[in-house]
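What follows is the residue order along each chain.
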Amino acid sequence: MFTSTYWNSMVSQTQLTGQDLFGRTFDMDEQSLEVMAARLEARGKHAFFSQVIDDYMNALALSRDETILDLGCGTGVVARTIARRGDVKGRIVAMDISPYLIGLGKRFASEEGVAGRIDFLTGDAHSVIEPEGKFDVVVMHTLVSHVVDPAAVIEEARRLLRPQGRIVIFDGDFASRVCATDAPDGGAEMDRLILRMTAQSTVMRQMPRLLAKGGFELAWSRGYVAADIGRADFFSSILPAFRVLLPKAGVMPEADANEFVDKLELASRNNEFFASCNFYTYMARRLDRQ
Ligand SMILES: C[S@@+](CC[C@H](N)C(=O)[O-])C[C@H]1O[C@@H](n2cnc3c(N)ncnc32)[C@H](O)[C@@H]1O
């Protein structure tokens, strides 16, 4: 039942419709890519994401020279963090659909002295040009909420994994994301508008089912709440990005985006800020017939 060598070539990220800019990095303008890259780097080095990466890498408990594929690697901040771990001795391949982000990834890896540990590739996670069964571990760190077809990406990860290989999927449950404002509705309408920027805003709630259907056995999971109360902290680096990305996505005019961010930054200075989002990690093992 789970022995297919199905190649998901029918699905392509270019089919994405809607306002998810992280799902359209392959044809974005440079200004948008610059602010996205800044946000990815800031949050990737934040204590919350460092803890998340530590948690799933510890749960993997690597013991030899396992090969790791970081799918949807962006600027490679996660791949670099993984490369620095003492228990990671095998090759790391980091792949993203954006040539611009891959270019930055190579530069940052070189600046941080880990370029020799990571091979960077450009490509679509729905159909990866790598041989079947090449990897021991496939990591998707906030990729699935932006892809056209999460089930097809999971199927593709399964093809790339060796039998019994493991998949790690970490992402936000973005339908739970709230950012309080002083508007009469407390910011609910803004939350609804911003939600349009995530193609798969509830995919992490479906993940146990998607993994089972995709031929994986769930082995470990963890839930997190990222909540900034009083001062903006984890969310602070998304605020400058909102000034550019909300108008670029057509979610709201630039003046409205600036007013929204000005008020949130003021709330943070006044110790009145509130933003929150649930995140989840799933680790699952590829099932195969004995
Ligand atoms: C929110 S970012 C996460 C980047 C990185 N994993 C991190 O946590 O910093 C989502 C990334 O997925 C990439 N992406 C979106 N759709 C993709 C696809 N179909 N194939 C490969 N990468 C994709 C985007 O270019 C972007 O870099």
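None of the values given here were measured: they were computed from a predicted structure.

As for the overall build of the protein chain
In step 1: A tally of helices and strands in the protein chain yields nine helices and seven strands.
In step 2: For 290 residues, the compact-globule formula gives about 19 Å, and the C-alpha radius of gyration of the protein chain, at 19 Å, lands near that figure.
In step 3: With the principal axes as the frame, the protein chain shows a C-alpha extent of 60 × 40 × 35 Å.
In step 4: When burial is assessed residue by residue, the protein chain has 56% of its 290 residues classed as buried.
In step 5: Sequence-distant contacts, at least 24 apart, represent 83% of the contacts inside the protein chain between residues at least 6 apart.
In step 6: Split by element, the accessible area of the protein chain, about 12400 Å² in all, is 52% carbon and sulfur.

Digging into the nonpolar core
In step 1: Ranked by internal contacts, the top residues of the largest apolar core, which has 62 residues, are Phe48, Tyr56, Met57, Ile68, Leu246 and Phe279.
In step 2: Listed in part, the 26 residues of the second largest apolar core include Phe135, Val138, Ile154 and Leu211.

Notes on the site of the ligand
In step 1: Around the ligand lies a shell of 21 residues, among which Thr25, Gly72, Asp96, Ala125 and His141 are the nearest.
In step 2: Thr25 places a polar side-chain atom, nitrogen or oxygen, 2.5 Å from an oxygen atom of the ligand.
In step 3: Measuring from an oxygen atom of the ligand, one finds a side-chain N or O atom of Asp96 at 2.6 Å.
In step 4: Protein coverage of the free-state accessible area of the ligand, which is 590 Å², stands at 99%.
In step 5: Sorting the residues of the shell around the ligand by element identifies helix 1 (30-44) and helix 3 (77-83) as the ones contributing at least two each.
In step 6: For the shell around the ligand, the residue count by class is nine nonpolar, nine polar and three charged.

Re the pattern of salt bridges
In step 1: Within the structure shown, the criterion is met by 26 salt bridges.
In step 2: Asp136 is the salt-bridge partner of Arg162, the closest N and O atoms lying 2.5 Å from each other. Of this pair, Arg162 sits in strand 5 (residues 161-179) while Asp136 sits in strand 4 (residues 135-141), placing them 26 residues apart in sequence.
In step 3: The exposure class of Arg162 is partly exposed, given its relative accessible area of 27%.
In step 4: When the shortest N-O distance is used, the salt bridge between Asp288 and Arg158 registers 3.6 Å. With Asp288 in the segment after strand 7 (273-286) and Arg158 in helix 5 (residues 150-160), the pair connects residues that are 130 residues apart, well separated along the chain. Residues Asp288 and Arg158 agree in their burial class; the two are buried.
In step 5: If you follow the salt bridges from partner to partner, you end up with Glu41, Lys45, Arg80, Arg84 and Glu112 in one network.

Points about unusual backbone geometry
In step 1: A positive phi angle, close to 50°, is found at Ala61, a residue other than glycine.
In step 2: Structurally, Ala61 is set in the loop between helix 2 (47-60) and strand 1 (68-71).
In step 3: Residue class for Ala61 comes out partly exposed when judged on its relative accessible area of 49%.
In step 4: The backbone of Thr142 sits at a positive phi, close to 55°, despite the residue not being glycine.
In step 5: Note on placement: Thr142 falls in the loop between strand 4 and helix 5.

Quick notes on the UniProt feature "domain: Methyltransferase type" (unreviewed entry) in the protein chain
In step 1: Mapped onto this numbering, the UniProt entry annotates "domain: Methyltransferase type" (unreviewed entry) at residues 69-169.
In step 2: Along residues 69-169 the backbone is 31% helical and 29% strand, and the end-to-end C-alpha distance reaches 12 Å.

Examining helix 2
An α-helix turns once per 3.6 residues; consequently, residues spaced three or four apart project the same way.
In step 1: Here helix 2 contains 14 residues, and its C-alpha end-to-end distance of 20 Å stays within 8% of the 20 Å for a straight helix at 1.5 Å per residue.
In step 2: Buried residues of helix 2: Phe48, Phe49, Val52, Ile53, Asp55, Tyr56, Met57 and Leu60, and no others.
In step 3: Count one or two residues on from helix 2 and you reach Ala61, which has phi positive near 50°.

The rules behind these values
- Residues numbered from 1 in each chain as written.
- Predicted model: local features only at pLDDT ≥ 70, side-chain atom pairs only at ≥ 80, totals over all residues.
- Heavy atoms only, no water.
- Helix = DSSP H or I, 4+ residues; strand = E, 2+ residues; numbered from the N terminus.
- Rg over C-alpha atoms; globule rule 2.2 N^0.38 Å.
- Buried < 20%, exposed > 50% of the residue type's maximum accessible area, 1.4 Å probe, protein only.
- Contact = heavy atoms within 4.5 Å.
- Areas by Shrake-Rupley, 256 points an atom, 1.4 Å probe, with all protein chains shown as cover.
- Core = buried A, V, L, I, M, F, W, Y, C linked by side-chain atoms within 4.5 Å.
- Near = heavy atom within 4 Å.
- Polar contact = N/O pair within 3.5 Å; in protein donor to acceptor, adjacent residues only side chain to side chain.
- Nonpolar A, V, L, I, M, F, W, Y, C, P; charged D, E, K, R; others polar.
- Salt bridge = Lys/Arg side-chain N within 4 Å of Asp/Glu carboxyl O.
- UniProt positions renumbered as here; feature names shortened; annotations may be inferred.
- Expected span 1.5 Å × (residues − 1).

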